[in-house]
Amino acid sequence: MTIDHLDARLVALLAAEPRIGVLECSRRLDVARGTVQARLDRMAAKGVITGYGPDIDPAALGFDVTAFVTLHIRQVAGHVPVADQLAGIPEVLEVHTITGGGDMLCRVVARSNADLQRVIDLIVDVQGVVRTESVIALDTPVPYRTLPLVRAAGG
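Taking an unreviewed UniProt entry as the reference, the protein is identified by name as Lrp/AsnC family transcriptional regulator belonging to Microbispora cellulosiformans.

What follows is the structure, given as structure tokens:
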């Protein structure tokens, strides 16, 4: 799906002020309320907008350690059964299938380095996981972001 300049401005406004209502968006963007609602509905239906929930900082919940764990899995059953089991571990925030030296990449959090060992042990216990390699993130100089992409796509 392509987005235009108004779509990009709408997404930027909602990213900056996620609690703003449709009516206030229409006022600030100087367009009709129905235009804002239709564009939000269209972008949601096409999967451009995937949610409106709050962004959560794991560190604020006491999960100060972020790590990336590469998994090597048995190829017999594929990645789906492994991903299904990983989804049951609360500290596993994301799982991606990858190319290269491993098969899957997980972003995980833990309360401490010792707690990270517990999380890795849970991952290693997943049926289909052969071995893991992990790296600990020291800092996040560029956090996850999509707004520059939206601006570029919107012209």
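J.: Looking at this model, I keep getting lost on the pairing of strand β3 (residues 104–110). Mind explaining?
T.: Within a regular strand, side chains alternate between the sheet's two faces. The buried count for β3 comes to five of seven residues, which makes it a mostly enclosed element. With seven bridges joining them, strand β1 (residues 65–73) and β3 adopt antiparallel strand pairing. Across the sheet, Thr66 pairs through a bridge with Val109, a residue of β3. The hairpin formed by strand β2 (residues 92–97) and β3 contains six residues between the paired strands, and Gly100 there has a positive phi angle of roughly 105 degrees.

J.: Honestly, the environment of Gly62 in this entry has me stumped. Any pointers?
T.: Inspection of the secondary structure puts Gly62 in the loop between α3 (33–45) and β1. Residue Gly62 is classed as partly exposed on the basis of its relative accessible area of 23%. Residues Gly62 and Ala110 lie 48 residues apart in sequence; the distance between their C-alpha atoms is 8.1 Å. Look past the residues within four positions of Gly62 in its chain and what remains in contact with it is Ala110 and Arg111.

J.: Mind showing me how you'd approach the layout of surface pockets here?
T.: It is the rolling of a water-molecule-sized probe over the atoms that shows where space remains empty. Of the pockets and cavities examined, the largest pocket occupies roughly 1,700 Å³. As for the largest pocket, its lining consists of 41 residues, and the residues nearest its centre are Asp55, Tyr144, Arg145, Thr146 and Leu147. Those elements that provide at least two residues to the lining of the largest pocket are α1 (5–16), β1, β2, β3 and α6 (147–153). Of the residues forming the lining of the largest pocket, the biggest block, four residues, is contributed by α6. For the lining of the largest pocket, the class distribution of residues is 26 nonpolar, eight polar and seven charged. Of the residues that make up the lining of the largest pocket, three or more belong to each of domain 1 (5–54) and domain 2 (58–137).

J.: Hey, could you run me through the UniProt feature "domain: HTH asnC-type" (unreviewed entry) in the protein in this one?
T.: Within this numbering scheme, the UniProt entry marks residues 3–64 as carrying the feature "domain: HTH asnC-type" (unreviewed entry). From the first C-alpha to the last, residues 3–64 spans 37 Å; its make-up is 53% helix and 0% strand.

J.: Explain the side chain of Glu91 here, please?
T.: Along the polypeptide, Glu91 turns up in the loop between α4 (80–86) and β2. Residues in contact with Glu91, not counting those within four places in the same chain, are Phe63, Arg107, Val108, Val109, Arg118 and Val119.

J.: Explain the nonpolar core here, please?
T.: Nonpolar side chains in soluble globular proteins generally cluster together in the buried interior. Among the nonpolar cores identified, the biggest contains 19 residues, and Leu71, Val82, Leu86, Val108 and Ile123 are the most heavily contacted of them. Within the residue set of this core, elements represented by two or more residues are β1, α4, β3 and α5 (113–124). Once residues lying within four places of it in the same chain are set aside, the contact partners of Val82 are Leu71, Ile73, Met104, Val126, Gln127, Gly128 and Val129. Grouped together as the second largest cluster of nonpolar side chains are 15 residues, Leu6, Val11, Val36 and Met43 included.

J.: I keep staring at the packing of α1 against helix α2 (residues 22–29) and nothing clicks. Help me out?
T.: Relative placement of two packed helices is described by the angle separating their axes and the distance separating the axes. Closest axis-to-axis distance for the α1/α2 pair is 11 Å, and the angle between their directions is 125 degrees. Regarding the angle of α1 to α2, the classification is oblique. Of the two elements, α1 crosses α2, and the hand of that crossing is right-handed. Residues Leu6, Arg9, Leu10, Leu13 and Leu14 of α1 form the contact with α2, whose own contacting residues are Cys25, Arg28 and Leu29. Its residues assigned to classes, the contact of α1 with α2 shows six nonpolar, no polar and two charged.

J.: Is there a simple way to think about α5 in this case?
T.: Given 3.6 residues per turn, any residue in an α-helix points the same way as the ones three and four places further on. For α5, which comprises twelve residues, the first-to-last C-alpha distance of 16 Å matches the rise-based estimate of 16 Å (1.5 Å per residue) to within 8%. On its buried face, α5 sits against β1, α4, β2, β3 and β4 (129–136).

The rules behind each value
- Residues numbered from 1 in each chain as written.
- Predicted model: local features only at pLDDT ≥ 70, side-chain atom pairs only at ≥ 80, totals over all residues.
- Heavy atoms only, no water.
- Buried < 20%, exposed > 50% of the residue type's maximum accessible area, 1.4 Å probe, protein only.
- Helix = DSSP H or I, 4+ residues; strand = E, 2+ residues; numbered from the N terminus.
- Pairing = 2+ DSSP bridges.
- Contact = heavy atoms within 4.5 Å.
- 1 Å grid on protein atoms, 1.4 Å probe; cavity = no way out; pocket = protein on both sides within 12 Å on 5 of 7 lines; lining within 4 Å.
- Points joined across faces, edges and corners; volume = space filled by probe spheres on them.
- Nonpolar A, V, L, I, M, F, W, Y, C, P; charged D, E, K, R; others polar.
- Domains from an automatic or database assignment.
- UniProt positions renumbered as here; feature names shortened; annotations may be inferred.
- Core = buried A, V, L, I, M, F, W, Y, C linked by side-chain atoms within 4.5 Å.
- Axes fitted to C-alpha atoms, helices over the stretch in contact; angles between N-to-C directions.
- Parallel < 35°, antiparallel > 145°, perpendicular 65-115°, else oblique.
- Left-handed = near helix turned anticlockwise from the far one by under 90°.
- Expected span 1.5 Å × (residues − 1).

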